[in-house]
Amino acid sequence: TSMVKVHYEGKTIEGKVFDSSYKRGEHAEFRCNRGVKGWTEALVHMPAGSVWEVYIPQDLAYGNRQQGDDIKPFSALIFKIELIEVNPKKK
């Protein structure tokens, strides 16, 4: 449930970029446990300051759902994730 600050780039397995905080020129902030399961699986193992390339199988991505025009059902995804900062959940 920690808040994370990241830069990222998401690509289809064919290499098409569908989202990029780098291209927007600003990082993203969100709760670690929100979004696709594959992100959560990776983020809980990443130390702040690390940059990982993560291959997310379809069952940890969007499964049988289509997301926009670029992510078809049952698609594996590739993300470059740069974990800038982790802020624990405030009580």
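What counts and what doesn't
Residues numbered from 1 in each chain as written. Predicted model: local features only at pLDDT ≥ 70, side-chain atom pairs only at ≥ 80, totals over all residues. Heavy atoms only, no water. Helix = DSSP H or I, 4+ residues; strand = E, 2+ residues; numbered from the N terminus. Buried < 20%, exposed > 50% of the residue type's maximum accessible area, 1.4 Å probe, protein only. Contact = heavy atoms within 4.5 Å. Pairing = 2+ DSSP bridges. Phe/Tyr/Trp six-rings, centres within 6.5 Å; stacked < 30°, edge-to-face > 60°.

With that out of the way, let us pick up the environment of proline 73. With respect to the helices and strands, the residue proline 73 is situated in the loop between strand 4 (51-56) and strand 5 (77-87). Relative accessible area serves as the criterion here: at 33%, proline 73 is assigned to the partly exposed category. Sequence separation between proline 73 and glycine 35 is 38 residues; the distance between their C-alpha atoms is 16 Å. Leaving out residues up to four positions away in the same chain, proline 73 has contacts with Gly63, Asn64, Arg65 and Gln66.

Attention now moves to the pairing of strand 2 (residues 17-20). Bridge count between strand 1 (residues 3-12) and strand 2: three bridges; the pairing is antiparallel. By the bridge assignment, glycine 10 is partnered in strand 2 with aspartate 19. Two successive antiparallel strands, strand 1 and strand 2, enclose a turn made up of four residues, where glycine 15 displays a positive phi of approximately 100 degrees.

Taken as a whole and judged by the stated rule, the model has four aromatic pairs. Taking the centre distance of 5.4 Å and the plane angle of 85 degrees together, the rings of tyrosine 8 and tryptophan 39 count as edge-to-face. With tyrosine 8 in strand 1 and tryptophan 39 in helix 2 (residues 37-43), this residue pair connects regions lying 31 residues apart in the sequence. Owing to a relative accessible area of 7%, tryptophan 39 belongs among the buried residues under this scheme. Ring geometry for tryptophan 39 against phenylalanine 79: centres 5.3 Å apart, planes inclined by 75 degrees, an arrangement best described as edge-to-face. Note that tryptophan 39 is positioned in helix 2 and phenylalanine 79 in strand 5, a separation of 40 residues in sequence.

One non-glycine residue with positive phi stands out, namely phenylalanine 74, at about 65 degrees. Secondary-structure assignment places phenylalanine 74 in the loop between strand 4 and strand 5. Overall, phenylalanine 74 belongs to the exposed group, its relative accessible area being 55%.

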